[in-house]
Amino acid sequence: MRVRDLSEALGIELIQPEFEDTEILDGYTGDLLSDVMAHASSGSVLITIQAHKNTIAVAGLVGILAIIVANERPIPEDMVEAARKEKIAIFRSKESQFVLSGKLYAQLSSSR
Amino acid sequence: MSTIPINTQESPPFLLDLIYRLKVKDVMTHEVITARRETPLRQIQYIMKEKGITGVPITDDEGKRLFGIVSMDDIIRALDGGYIQDPAERWMSRNLIVLEDDMPLQFAISYLDKFRYGRFPVLNKDRELVGIITSRDIIIALLVEVNKEVEKLEQRIVQPPSRPGEEARLLYHVRKYDFENAGKASAGIKKLLLERNLDPKTLRRISVAAYELEMNLVVHSEGGTLSFRMEKDRVEIEAKDRGPGIPDVEQAMEEGFSTANEWIRSLGFGAGMGLPNAKRVSDEFTIDSRVGEGTTVRAVIYLPK
Amino acid sequence: MKLETILQRIPCTVVVKGKGFEELDLRSIVASDLMSDVLTTVDDRFLIVTSLNSEQVIRTADIVGAPVVLLVNGKQPQNGMVRLAEEFGITLLSTPLSMYKVCYLLGCLLESK
């Protein structure tokens, strides 16, 4: 599954559409950026409610392809701006981190 | 290669605050000794010896654009391989891992641990070389900061006597960044209410309001008091602090707006949900704030008859 | 979903056995590292999945009536966290799995109940 497939596969809204459309390798869920930095692997999709421009900085370092903001948390404009520069997609969903994790995991394992 | 013996996630709060608060540019060496692409490795070896350094960035004539880096290891390999007279360009490491000057120090520590290089070139927003950072720089900066910090955190609990018309009254002193004791005031309030057999829904609303206001004092204020007053038909929680004050209260009430730094966020707070949360569970909610003086937040929850 | 089922099906260790450990029945799952987010939940009797290993998790669990906390990424709870869990009677578990993976597994259990 590629980044552009996420919207339809998970029923989530695309907020930042300028991204590199590559193959998704894994997922990671977490709201602590230090934790994401320590554990998330390159080529992952990050599920979080930490809607902040620093999330993009960490995502860029780790090599995260896309961020799904859960619980319909508001997304600040400077976060979208930073993501555009880094070519990281942002999606938003009203579902929780728990539900989104389950859905993404199921999708990724069935598309392999 | 030596790493910095600091756990960047689980060290004491003071240290975590420090490594988020300090930026790479506060810690790095600003005067970078560089060489050109055509500089022979032999000359770089002399530079290292003379200046007592173990890595030399290779840049353009202005020392701004970074092409690579020659480390002590590269020099040793050149001596072994008999190509010490070759120009730097031929053998320098080009796969560079660099830091940005605005990143928190925590990133630099993680990088040193993760990549096991002895040094990282530091670039500014325009991708110009502005410094170099080694574990030595970091250790010195941390020692200086830790020496500055002496104040111990403490929390006192005071229980003033009840006044007429009041069922109960509690007053707690809350200190800035005192995560050790954070939550104790609201736990005390909850305990008192449990003894009075309040219905679980109301109890939960009061607990959420008390906890969020208490955490707000810990995370954002210079310290203050959390007071609790119970009357026949209502409970009032008041968080009063000594500063810094909220410049724009309306903005502070917006969900997601936060002034918390990266360290506070790493502890799971400061995502801009606290005040909106407290308001949501309250029947009356007011904020009175003056920049430079302080803030008083008052939350009232009506008790069911 | 019975806690017993979770213990059987999810690789995890029990750090603290809380109140009513043997017959705990959970209605839902909340996965988050931000405790303010957990505090907005209207439900109770849910399991908190988190990578945050501080006392504040237990205080939050106590306020919202979540009887079980599951720490992910093999995180060891801070001392104060264990002490507080014992005091408040909250069951504390730890798993080497990530939040992402464990949410999927818990989701499967929740659906198959």
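Residues numbered from 1 in each chain as written. Chains lettered and ligands numbered in written order. Predicted model: local features only at pLDDT ≥ 70, side-chain atom pairs only at ≥ 80, totals over all residues. Heavy atoms only, no water.

Any details on the interface of chain C and chain A? Residues and values, ideally.
Each partner contributes to the interface: chain C provides 18 residues, whereas chain A provides 21 residues. Buried surface at the junction of chain C and chain A, summed over both partners, amounts to about 1600 Å²; 66% is from carbon and sulfur atoms. On the chain C side of the contact with chain A, Leu34(C), Tyr100(C) and Tyr104(C) bury the most area, a combined 42% of that side's loss. Linking chain C with chain A are zero salt bridges. Where chain C meets chain A, there are ten residue pairs in polar contact (both at pLDDT 80 or more). Tallying contributions element by element places helix α5 (residues 99–111) of chain C first for the side of chain C that touches chain A, with eight residues. Classifying every residue of the side of chain C that touches chain A by side-chain character gives ten nonpolar, five polar and three charged. (Contact = heavy atoms within 4.5 Å. Buried area = accessible area lost by both parts, 1.4 Å probe. Salt bridge = Lys/Arg side-chain N within 4 Å of Asp/Glu carboxyl O. Polar contact = N/O pair within 3.5 Å; in protein donor to acceptor, adjacent residues only side chain to side chain. Helix = DSSP H or I, 4+ residues; strand = E, 2+ residues; numbered from the N terminus. Nonpolar A, V, L, I, M, F, W, Y, C, P; charged D, E, K, R; others polar.)

Any details on the nonpolar core? Residues and values, ideally.
Most often, soluble globular proteins have nonpolar side chains that are buried together. All names here are of chain B. Membership of the largest hydrophobic core comes to 111 residues, with the highest contact counts inside it found for Leu105, Ile133, Ile206 and Phe228. The element that contributes the greatest number of residues to this core is helix α9 (residues 200–220), accounting for eleven residues. The two domains that each donate at least three residues to this core are domain 1 (13–148) and domain 2 (157–302). Setting aside residues up to four positions removed in sequence, Phe228 forms contacts with Ala168, Arg169, Leu170, Ile189, Leu192, Leu193, Ile206, Val235, Glu236 and Ile237. (Core = buried A, V, L, I, M, F, W, Y, C linked by side-chain atoms within 4.5 Å. Buried < 20%, exposed > 50% of the residue type's maximum accessible area, 1.4 Å probe, protein only. Domains from an automatic or database assignment.)

Give a detailed account of the pairing of strand β11 (residues 294–302) of chain B, specifying residues and quantitative values.
All names here are of chain B. Relative to β11, strand β9 (residues 234–241) runs antiparallel, the two sharing seven bridges. Following the sheet pairing, Lys240 is matched in β11 by Thr296. Looking at chain direction, strand β10 (residues 284–290) and β11 are connected through seven bridges and run antiparallel. When the sheet's bridge partners are listed, Ile287 is paired in β11 with Val297. Between β10 and β11, which follow one another and run antiparallel, lie three residues, and Gly292 among them has a positive phi close to 90 degrees. (Pairing = 2+ DSSP bridges.)

Explain the sheet that holds strand β5 (residues 129–134) of chain B to me, using residue names and the numbers behind them.
Residue and element names in this part refer to chain B. The strand order across the open sheet formed by three strands is β3-β4-β5, and the pairing between neighbours is mixed. The open sheet has two edge strands with one neighbour each: β3 (99–100) and β5. Here strand β4 (residues 119–123) runs beside β5; their pairing, made up of five bridges, is antiparallel. Note on β5: the bridge partner recorded for Pro121 is Ile132.

Can you tell me about a negative patch on the surface, naming the residues and giving the values?
Taken together, the side chains of Glu38(B), Asp61(B), Glu62(B) and Glu89(B) define an acidic patch exposed on the protein surface. Position of Glu38(B) relative to the elements: it lies in the loop between α2 (24–27) and α3 (41–51). (Patch = residues over 30% accessible without salt bridge, like charges linked within 9 Å, V, L, I, M, F, W, Y side chains within 5 Å. Areas by Shrake-Rupley, 256 points an atom, 1.4 Å probe, with all protein chains shown as cover. Lys, Arg positive; Asp, Glu negative; His and termini not counted. Charge placed at Lys NZ, Arg CZ, Asp CG, Glu CD.)

I'd like to hear about the interface of chain C and chain B, residue by residue, with values.
Taken together, the contacts link 22 residues of chain C with 24 residues of chain B. If you sort the residues of chain C by the area they bury against chain B, Gln56(C), Arg59(C) and Ile63(C) come out on top, with a joint share of 33%. The residue Asp62(C) makes a salt bridge to Lys190(B) at a minimum N-O spacing of 3.1 Å. Inspection of the chain C/chain B interface yields twelve residue pairs in polar contact (both at pLDDT 80 or more). Mapped by element, the contributors of at least two residues to the side of chain C that touches chain B are α2 (35–39) and α3 (55–64) of chain C.

Any details on the packing of aromatic side chains? Residues and values, ideally.
Enumeration over the complete set of coordinates arrives at six aromatic pairs over all chains. An angle of 20 degrees between the planes, with centres 4.0 Å apart, marks the rings of Tyr105(A) and Tyr104(C) as stacked. Pair noted here: Tyr105(A) is in helix α5 (residues 97–110) and Tyr104(C) is in helix α5, and the two residues belong to different chains. Looking at Tyr104(C), the relative accessible area reads 22%, which means it is partly exposed. The interplanar angle of 75 degrees and the centroid separation of 6.2 Å between the aromatic rings of Tyr117(B) and Phe120(B) together place this pair among those described as edge-to-face. For Tyr117(B), a relative accessible area of 39% corresponds to the partly exposed category. Each member of the aromatic cluster is reached from another via a ring pair, and the members are Tyr105(A), Tyr100(C) and Tyr104(C). (Phe/Tyr/Trp six-rings, centres within 6.5 Å; stacked < 30°, edge-to-face > 60°.)

Summarise the pairing of strand β4 (residues 66–69) of chain A; cite the residues concerned and give the values.
Residues and elements named next belong to chain A. In β4, alternate side chains face the same way, and those of Ala66 and Ile68 on one face and Ile67 and Val69 on the other are all buried. Judged from the four bridges that link them, strand β3 (residues 44–48) and β4 form a sheet pairing that is parallel. Its bridge partner being in β4, Leu46 is matched across the sheet by Ile67. Taken together, β3, helix α3 (residues 53–62) and β4 constitute a β-α-β crossover, and its handedness is right-handed. Handedness of the crossover is the feature at issue here: the chain leaves β4, passes through helix α4 (residues 77–86), returns alongside strand β5 (residues 89–92), and the resulting connection is right-handed. (Right-handed = clockwise from strand over helix to strand, strands pointing away.)

Residues and numbers for the sheet that holds strand β3 (residues 46–50) of chain C, please.
Residues and elements named next belong to chain C. The strand order across the open sheet built from five strands is β1-β5-β4-β3-β2, with neighbouring strands paired in mixed fashion. Taken across any chain shown, the strands that pair with only one partner, and hence form the sheet edges, are β1 (13–16) and β2 (28–31). Across the sheet, the mean angle separating the axes of adjacent strands is 25 degrees when strand polarity is ignored. The pairing of β1 with strand β5 (residues 91–94) spans three bridges and is classified as antiparallel. (Axes fitted to C-alpha atoms, helices over the stretch in contact; angles between N-to-C directions.)

Account for the side chain of Thr55(A), naming residues and giving values.
Residues and elements named next belong to chain A. Turning to its location among the elements, Thr55 is positioned in helix α3. With a relative accessible area of 0%, Thr55 lands in the buried category. Those residues within four positions of Thr55 in sequence are excluded, and the remaining contacts are Leu33, Leu46, Thr48, Gln50, Ile67 and Met79.

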